[in-house]
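Close look at the chain arrangement
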Amino acid sequence: MDTKIQVKNRLTAAFSENQKPLLNIYFTAGYPALNDTLPVLRALQNACVDMVEIGMPFSDPLADGPVIQRSSEIALENGMTIKGLFEQIKDMRKEIHIPVLLMGYINPVLRYGIEKFCEDAAAVGIDGVIIPDLPVREYMEDYEEIFQKNNLSNIFLVTPHTSPERLKLIDDHATGFIYAVSTDSTTGNTKDIKQQEEYFSRLKGSGLKNPLMIGFNVRDKESFAFATNYAKGAIIGSAFVKAITGSKNLEKDIDVFIKGIR
Amino acid sequence: MNFTVDENGFYGSFGGAYIPEMLFPNVEELKDKYLKIMNEESFITEYNNLLKDYVGRPTPLYFAKRLSEHFKAKIYLKREDLCHTGAHKINNTLGQILLAKRLGKRRIIAETGAGQHGVATATVCALMGFDCIVYMGEIDMERQKPNVERMKMLGAQVVPATSGSKTLKDATNEAIRDWINNPSDTHYIIGSVVGPHPYPDMVARFQAIISKEVRAQLKEKTGSENPDYVIACVGGGSNAAGAFFHYLNEKDVKLVAVEAAGMGVDSGYSAATTFLGKPGVLHGSKTLLMQTADGQIVEAHSISAGLDYPGIGPIHSHLFETGRAEFLAITDKEAFRAAVLLSKLEGIIPALESSHAIASMAKLNLKPSDTVVVNLSGRGDKDLMTYITRKEEFLKD
Ligand SMILES: Cc1ncc(COP(=O)(O)O)c(C=O)c1O
């Protein structure tokens, strides 16, 4: 398939424009309160993060640890839906200029309808999508065209056990970046990413066409600095969600958290 | 029509392996090796010997005379309730532990709802001397205390699943998360024909011993291998897949899959997936699922913890979609009364899950000439507390 359309959006631009390590923050839509999605996004941009992932909550988030499980559960109790999320962020591009990705599990997306999902995401200014339980083969057969038509990047995960052949396949179909899961774990684990030097070096030296971002168990200044020795940037999820849990002043707490990272 | 899995793990439009990359190497290894291992001479010998001497197979095919008079048909019960540990579940756990041994994995994890699959897994782990960790919803641990104690006595560690609805679906989530965190030394023994390919096919093949035996036994008793009906209850659908397996391509044999209607299909407290579900993805496969308009999985309800699951295995979604099997839904009350009926007429106290299959015969317009095989998937000892506490409510009027 050489009819590949180039995906070009804020996300792909962010990698070509920036030399400094990129900070990508994950947070759950509709959390802590239903209407916090946009305020959190705004505060993150004000704190100078380079890109964000908005989590679309799912009842059964099987790649997530307790912190994101809990935020998803509360967001769903708050009434968060994909439809509601698109409504909340429909005008975000009037003020938000950093790349925005959506992250979530395949079932709610299928229910919404994959074509409509991609169209609506593109319409509100989403740059890319991460669906951990969408396998590469399925993506290639049924989804790639739709993503490309809507100029959406699709982000695949790789792990310490992803074979070189598979890494190449993923690199061939990734647009945006490759999400390197730091350790064998669900999100928000306590495994130490410092043990992963061999794996990170291997990825760094594997001649990938796409930039690399390291995520899972990146949680503070130290782990961020370590991860970005090997990758263009790193992704912080659970540690951030924990930091805003119970927050009385989102703007301030978010600023403090981000300043603590770099 | 084809009812076996294709090379990508699909039954028609259902199945597949919708898993995060973290699980890919494990699932891929299993996919590459399961058929080869299952066909090895040494595997077959070890499995068959243990099925015979340890599980107690073949289980009898019993002509239930008084039950036959009651329903006015010729009814045979496939006595999976007589398996060691009291249900069909051990056919699968025994097969999978022998497979895990050959894969060099000695740490075993499992999910369980009622505790039957957990007990069957803990049992084979004790047999092999492997570590066993069973995830069980916090609510189910409370509901099924004796099985929790059984698992502990067998040396297993029982870990409460405290997320979400705290039942089988969440225990399955926890088991999958464990596997993500321990990819190298661990094998996940899934308890039904659910999960990513190759699990549904692998579990169906281990349970296929049920219909293999039925064919031979029925031939001996009636002169024909084929009955008019094969009936089984469906939680995830492993006992049904096993009972149907060797009849899938026998067009004259009607297959009846019985789901739990709970308090009624439309009561909001039901587990009747084919009546209420829409296609979706949960626990690694595309299948029919009970879910909200927004794609959130909803909680199932059934008096029997083993049927209390918001989905069914992809093979059953395919059997439903193609019309190859007829799906019926039986309420808590109908199942409860069928359990009492079978106990009184035949001296067999069935599991509440299996009672759904018994109850369904009242809805089938059976003729006196019909030969009916009902898969009696388990015995009722585990449900005694329910039989005691809900008697008044279900047996009045
Ligand atoms: C006796 C019995 N029958 C049936 C089931 C339902 O499982 P499946 O649909 O996989 O046979 C269970 C599950 O716990 C069970 O214990």
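Please read these numbers as outputs of a predicted model, since none were measured by experiment.

1. Some details on the sheet that holds strand E5 (residues 153–158) of chain A
Residue and element names in this part refer to chain A.
- If you trace the eight strands once around the closed barrel, you get E1-E2-E3-E4-E5-E6-E7-E8, paired in parallel fashion. Strand-to-strand twist of the sheet, defined as the mean angle between neighbouring strand axes without regard to direction, takes the value 25°.
- With three bridges connecting them, strand E3 (residues 100–104) and strand E4 (residues 128–130) associate as parallel partners. Among the inter-strand pairings, Met-103 is bridged to a residue of E4, identified as Ile-130.

2. Regarding the sheet that holds strand E5 (residues 107–112) of chain B
All names here are of chain B.
- Taken together, the four strands give an open sheet; going across it, the order is E7-E6-E5-E8, and neighbouring strands pair in parallel fashion. Sheet topology places strand E7 (157–161) and strand E8 (186–189) at the edges, where each strand pairs with a single neighbour. Within the sheet, the average angular offset between the axes of one strand and its neighbour, ignoring direction, is 25°.
- Pairing geometry for E5 and strand E6 (residues 131–137), over six bridges, is parallel. Note that in E6 the partner of Ala-110 across the bridge is Val-134.
- On top of the sheet, helix H5 (residues 116–128) reaches E5, E6 and E8; it is set at about 165° to E5, its chief contact.

3. Digging into the nonpolar core
- With 193 residues, the main nonpolar core has Leu-44, Phe-117, Phe-177 and Phe-240 of chain A together with Ile-97 and Phe-244 of chain B as its most contacted residues.
- What Leu-44 of chain A contacts, discounting residues up to four positions off in sequence, is Ile-25, Phe-27, Val-49, Val-52, Phe-240, Ile-254 and Ile-258 of chain A.

4. Brief notes about the interface of chain B and chain A
- Counting residues at the interface gives 37 residues for chain B and 38 residues for chain A.
- On the chain B side of the contact with chain A, Glu-21, Met-22 and Arg-177 of chain B bury the most area, a combined 22% of that side's loss.
- Our count for the chain B to chain A interface comes out at two salt bridges.
- Ionic pairing is found between Lys-169 of chain B and Asp-60 of chain A, a salt bridge with its closest N-O pair at 2.7 Å.
- For the side of chain B that touches chain A, the secondary structure elements donating two or more residues are helix H1 (24–38), helix H8 (168–181), strand E11 (278–282) and strand E12 (285–289) of chain B.
- Of the residues assigned to the side of chain B that touches chain A, the class counts are 17 nonpolar, 12 polar and eight charged.

5. A look at the packing of helix H6 (residues 114–124) of chain A against helix H7 (residues 136–149) of chain A
Residues and elements named next belong to chain A.
- Contact geometry of H6 with H7 gives a least axis separation of 9 Å together with a crossing angle of 25°. On the basis of their axis angle, the class for H6 and H7 is roughly parallel. Of the two possible hands of crossing, H6 and H7 adopt the one that is right-handed. Together, Ile-114, Glu-115 and Cys-118 of H6 and Tyr-143, Ile-146, Phe-147 and Lys-149 of H7 make up the contact between the two elements.
- For the contact of H6 with H7, the per-class residue count stands at five nonpolar, no polar and two charged.

6. Overview of the packing of aromatic side chains
- Throughout the structure, instances matching the rule amount to 24 aromatic pairs over all chains.
- With centroids separated by 6.2 Å and ring planes inclined at 55°, the aromatic side chains of Tyr-188 of chain B and Tyr-199 of chain B adopt a geometry described as tilted. Taken together, the positions of Tyr-188 of chain B in strand E8 and Tyr-199 of chain B in helix H9 (residues 199–207) put the pair 11 residues apart, joining distant regions of the chain. Side by side, Tyr-188 of chain B and Tyr-199 of chain B carry an identical accessibility label, which is buried.
- Taken together, the ring pairs in this structure connect Phe-15, Phe-177, Tyr-179 and Phe-216 of chain A into an aromatic cluster.
- The lysine or arginine in question, Arg-166 of chain A, covers the ring of Phe-24 of chain B, its NZ or CZ lying 3.3 Å from the ring centre.
- Sitting over the face of the ring of Phe-226 of chain A, Lys-194 of chain A holds its NZ or CZ atom 6.0 Å from the ring centroid.

7. A short note on the site of the ligand
Residue and element names in this part refer to chain B.
- Neighbouring the ligand are 18 residues, the closest being Ser-192, Gly-235, Gly-237, Ser-238 and Ser-377.
- Lys-89 is positioned such that a nitrogen or oxygen atom in its side chain is 3.1 Å from an oxygen atom of the ligand.
- Within the side chain of Ser-192, an N or O atom sits 2.6 Å from an oxygen atom of the ligand.
- Out of a free accessible area of 390 Å², the ligand has 97% covered by protein chains.
- Here the shell around the ligand is built from residues that sort into five nonpolar, 11 polar and two charged.

8. Let's talk about helix H9 (residues 197–204) of chain A
Residues and elements named next belong to chain A.
- Within H9, the full set of buried residues consists of Tyr-199, Phe-200 and Leu-203. Along the axis of H9, the buried residues cluster in a sector spanning 95°; they form a single face. Along H9, exposed side chains directed more than 90 degrees from the buried face belong to Glu-198 and Lys-204.

9. Remarks on the environment of Ala-126 of chain B
All names here are of chain B.
- Along the chain, the position of Ala-126 falls in helix H5.
- Its relative accessible area of 43% is what places Ala-126 among the partly exposed residues.
- When the C-alpha positions of Ala-126 and Leu-154 are compared, they lie 6.2 Å apart, and in sequence the two are 28 residues distant.

10. Brief notes about the confidence of the model for chain B
- On average, residues of chain B carry a pLDDT of 97, and 100% of them reach 70 or more.
- Reported for the predicted complex are a pTM of 0.97 and an ipTM of 0.95.

11. Observations concerning the pattern of salt bridges
- Under the criterion given, the structure shown has 47 salt bridges over all chains.
- The partner of Asp-50 of chain A in a salt bridge is Arg-262 of chain A, with the nearest N and O atoms 2.8 Å apart. Here Asp-50 of chain A is found in the loop between helix H2 (37–46) and strand E2 (51–56), whereas its partner Arg-262 of chain A is found in the segment after helix H12 (250–259), with 212 residues between them in sequence.
- Residue Asp-50 of chain A is classed as buried on the basis of its relative accessible area, which comes to 10%.
- Within this structure, Lys-36, Glu-40, Glu-46, Lys-101 and Arg-102 of chain B form a network of salt bridges that share partners.

12. Section: the pairing of E12 of chain B
Residue and element names in this part refer to chain B.
- The buried count for E12 comes to five of five residues, which makes it a mostly enclosed element.
- Pairing analysis gives five bridges linking E11 to E12, with the strands arranged antiparallel. The residue of E12 that forms the bridge with Lys-278 is Leu-289.
- Hairpin remark: E11 followed by E12, antiparallel, with two residues in the connecting loop; positive phi at His-283, about 50°.

13. Quick notes on the pairing of strand E13 (residues 325–331) of chain B
All names here are of chain B.
- The element E13 is extensively covered by neighbouring structure, given that six of its seven residues are classed as buried.
- Sheet topology places strand E10 (residues 254–262) next to E13; seven bridges connect them, and they run parallel. Residue pairing across strands places Ala-257 opposite Phe-327, the latter belonging to E13.

14. Brief notes about the side chain of Gln-144 of chain B
Residue and element names in this part refer to chain B.
- Checked against the element boundaries, Gln-144 lands in the loop between helix H6 (138–143) and helix H7 (145–153).
- Here Gln-144 falls in the buried class, since its relative accessible area comes to 9%.
- Contact partners of Gln-144, with chain neighbours within four places excluded, come to Gly-113, Ala-114, Met-136, Ala-305 and Lys-382.

Scoring rules and cut-offs
- Residues numbered from 1 in each chain as written.
- Chains lettered and ligands numbered in written order.
- Predicted model: local features only at pLDDT ≥ 70, side-chain atom pairs only at ≥ 80, totals over all residues.
- Heavy atoms only, no water.
- Pairing = 2+ DSSP bridges.
- Helix = DSSP H or I, 4+ residues; strand = E, 2+ residues; numbered from the N terminus.
- Axes fitted to C-alpha atoms, helices over the stretch in contact; angles between N-to-C directions.
- Contact = heavy atoms within 4.5 Å.
- Core = buried A, V, L, I, M, F, W, Y, C linked by side-chain atoms within 4.5 Å.
- Buried < 20%, exposed > 50% of the residue type's maximum accessible area, 1.4 Å probe, protein only.
- Buried area = accessible area lost by both parts, 1.4 Å probe.
- Salt bridge = Lys/Arg side-chain N within 4 Å of Asp/Glu carboxyl O.
- Nonpolar A, V, L, I, M, F, W, Y, C, P; charged D, E, K, R; others polar.
- Parallel < 35°, antiparallel > 145°, perpendicular 65-115°, else oblique.
- Left-handed = near helix turned anticlockwise from the far one by under 90°.
- Phe/Tyr/Trp six-rings, centres within 6.5 Å; stacked < 30°, edge-to-face > 60°.
- Lys NZ or Arg CZ within 6 Å of the ring centre and 35° of its normal.
- Near = heavy atom within 4 Å.
- Polar contact = N/O pair within 3.5 Å; in protein donor to acceptor, adjacent residues only side chain to side chain.
- Areas by Shrake-Rupley, 256 points an atom, 1.4 Å probe, with all protein chains shown as cover.
- Arc of directions from axis to C-beta.
- pLDDT = per-residue confidence, 0-100.

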